[in-house]
Amino acid sequence: MSHYPFAKIESKWQDRWEETGLFRCPTVADDTFFCLVMYPYPSGDLHVGHGRNYIIGDALARYMMMRGRAVLTPMGWDAFGLPAENAAIERGIHPPVWTDANIIKMKQQFKRWGIGYDWDREISSHTPEFYKWTQWIFVRMLKEGLAFRKTAPVNWCPSCATVLANEQVVEGKCERCDSIVGVRDLEQWFFRITDYADRLLDGLDELPGWPDRVRTMQRNWIGRSEGVEIDFTIAETGDPLPCFTTRVDTVFGVTYMVMAAEHPMVRRLVVGTGREQEVLAFVERVKAQGNFERSAADVKKEGIRTGFHVINPVNGERIPLWVANYVLMEYGTGAVMAVPAHDERDFEFAREYELPVRVVIDKPGEGLDGASMREAYTENGVQVNSAQFDGLPNTDAIERITDWMDEKGMGRRAISYRLRDWLVSRQRYWGTPIPVIYCDDCGPQPVPEEDLPVSLPTDVEFTGKGESPLTTSSTFLDAPCPKCGKPGKRETDTLDTFVDSSWYLFRYINPRENTLPFIKEDVNRWFPVDQYIGGVEHACGHLIFVRFMTKVLHDMGLIDVE
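## Remarks on the overall build of the protein chain
Here comes step 1: From N to C terminus, the protein chain includes 17 helices and 26 strands.
Here comes step 2: Sorting the 562 residues of the protein chain into buried and exposed places 53% on the buried side.
Here comes step 3: Long-range contacts, defined as pairs at least 24 residues apart, comprise 72% of the intrachain contacts of the protein chain with a sequence gap of at least 6.
Here comes step 4: Charge centroids of the protein chain, computed over 63 positive and 83 negative side chains, lie 3 Å from each other.

Printed below as a string of structure tokens:
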């Protein structure tokens, strides 16, 4: 033939696959293969990046089918999130109208590409039939103590006017709009993922076929560190100021103490003193810098004295207490013992503000002098200026000093994690409503499971600024307290879209089930997933969250796999 009539030939076979149900898969089957591809956001356009994922999945699914396997290859839509809400603001279109139109278009594109899915299992996170079960899981987690509320510093995008998870901050900017991300203190809902830190870390060795790169990325993100928590004390007030360190061998070289700008002790100390205005102005300026910028190695180290001092328990020395931009609240306790002779950041700060530099680990044969050092000495060496530990190799001194501090009640062995509890609150409309009612007498109460779903209202105003649009809905806000029946108010925050995608894969097994999110026996038959296909950029976000949620559902007795 002179040319290939692709439109005629491809549509013929695509229609045939659909008529014969080639990709429809029974729930009960033998020799199963679950080929899962990360479900997309319904933006309205498939692009070449989608093609990498979905064409790979299609080729693998067909290969396994030809080998006689019962292949489950489903598709759905990660439909909540900011773009639909932004479209409502910019175009005057309600989010579900924009979202549903995009889904129709993208399904047509999938068909034209010739990719086969079991469309009988189609799910979308924005439908009440799906988010009812997201809410159900939230309520179960709340009852188990895995969902909780607290005031905490959070990433804040000034343009989107919403809280961002750490995973949604890219190089200090909002992943959606590229605005510089700052920090605010707000009362938020969290999932207690830190309770699972060790299991998530240890479980990395139980993931057959996972790339070593992804394991390493997750291991570093969880960031387990063994060290000592030391009991420093604020001299003027007697308040404890605990500090976690992995370098207890340098504790005799501490010449000042540093707190993160977000540390709650800062405001408590300086309010009502002559330092209040200056210190708090510095704190706000530092918060606006964003965590990525502050943690960069080349950022200029800045600080301000609080006017208070700290007592070092190992030698009784009284050292000045500072607030600095290079200390982050999310690491350790938010307070850092500064040893400029043996830490580059501390050294740079000390030279900037003319603070003492005391050598406590000497370079063999060198005789280091703190006054003349041009850079911190961070290698191993011999203890000096360290009381009874002088002369010991610092690697030996770590255990000896730790034992001594523990015996004297100055500190104790501790484990710290880089991983922080998962912030799931969002000040948005287009997300799963958090199923909680606030009562003046009873406090926050979960919505009873039989009353789910808490549906999104349509009488809302979209401005893109400030509080959640749900606060503008007269039909949504008022609700009776589930416990005492008195008038209450609904939670107006919605859940992070990562909550939807932390469990969506289980819903594919029983997408029309209306008594439970899924049937345990059916899930056990298809899980664990045989192949998951998606971008490596999800290694430290989605892929950690879905591992966490799998373990949570296991612990609730809902599935057998971990």
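## Thoughts on the sheet that holds strand β5 (residues 147-157)
Here comes step 1: Strand order in the open sheet formed by 4 strands is β6-β5-β9-β19, and the pairing between neighbours is antiparallel. Edge strands, defined here as strands with exactly one partner in the open sheet, are β6 (162-164) and β19 (422-423).
Here comes step 2: Across 2 bridges, strand β9 (residues 182-191) lies against β19 in antiparallel orientation. Within β19, the residue paired with F191 across the bridge is W422.
Here comes step 3: Taken strand by strand, helix α5 (residues 128-143) contacts β5 and β9, and its axis lies near 90° from that of β9.

## With respect to the pairing of strand β24 (residues 487-490)
Here comes step 1: With 2 bridges connecting them, strand β21 (residues 436-439) and β24 associate as antiparallel partners. Considered in β24, the bridge of Y438 is made with K489.
Here comes step 2: Bridge analysis of strand β23 (residues 478-480) against β24 gives 3 bridges, and the strand direction is antiparallel. In the strand pairing of β24, P480 is matched with P487.
Here comes step 3: Connecting the antiparallel pair β23 and β24 is a turn made up of 6 residues, with G485 showing a positive phi of about 85°.

## Things to note about the pairing of strand β13 (residues 303-311)
Here comes step 1: Where strand β10 (residues 224-234) and β13 come together, 2 bridges link them in antiparallel fashion. Bridging across to β13, T233 finds its partner in I311.
Here comes step 2: Judged from the 6 bridges that link them, β13 and strand β14 (residues 318-324) form a sheet pairing that is antiparallel. Pairing of G303 across the sheet is with A324, part of β14.

## Things to note about the sheet that holds strand β26 (residues 531-533)
Within a sheet, neighbouring strands are paired by backbone hydrogen bonds and run either parallel or antiparallel to one another.
Here comes step 1: Across the sheet, which stays open at both edges, the 3 strands sit in the order β2-β1-β26 with parallel pairing between neighbours. The open sheet terminates on both sides in strands that have one partner only, identified here as β2 (70-72) and β26. The average angle at which neighbouring strand axes cross in this sheet is 15°, direction not considered.
Here comes step 2: In terms of strand pairing, strand β1 (residues 32-37) meets β26 through 3 bridges, oriented parallel.

Cut-offs applied
- Residues numbered from 1 in each chain as written.
- Predicted model: local features only at pLDDT ≥ 70, side-chain atom pairs only at ≥ 80, totals over all residues.
- Heavy atoms only, no water.
- Helix = DSSP H or I, 4+ residues; strand = E, 2+ residues; numbered from the N terminus.
- Buried < 20%, exposed > 50% of the residue type's maximum accessible area, 1.4 Å probe, protein only.
- Contact = heavy atoms within 4.5 Å.
- Lys, Arg positive; Asp, Glu negative; His and termini not counted.
- Charge placed at Lys NZ, Arg CZ, Asp CG, Glu CD.
- Pairing = 2+ DSSP bridges.
- Axes fitted to C-alpha atoms, helices over the stretch in contact; angles between N-to-C directions.

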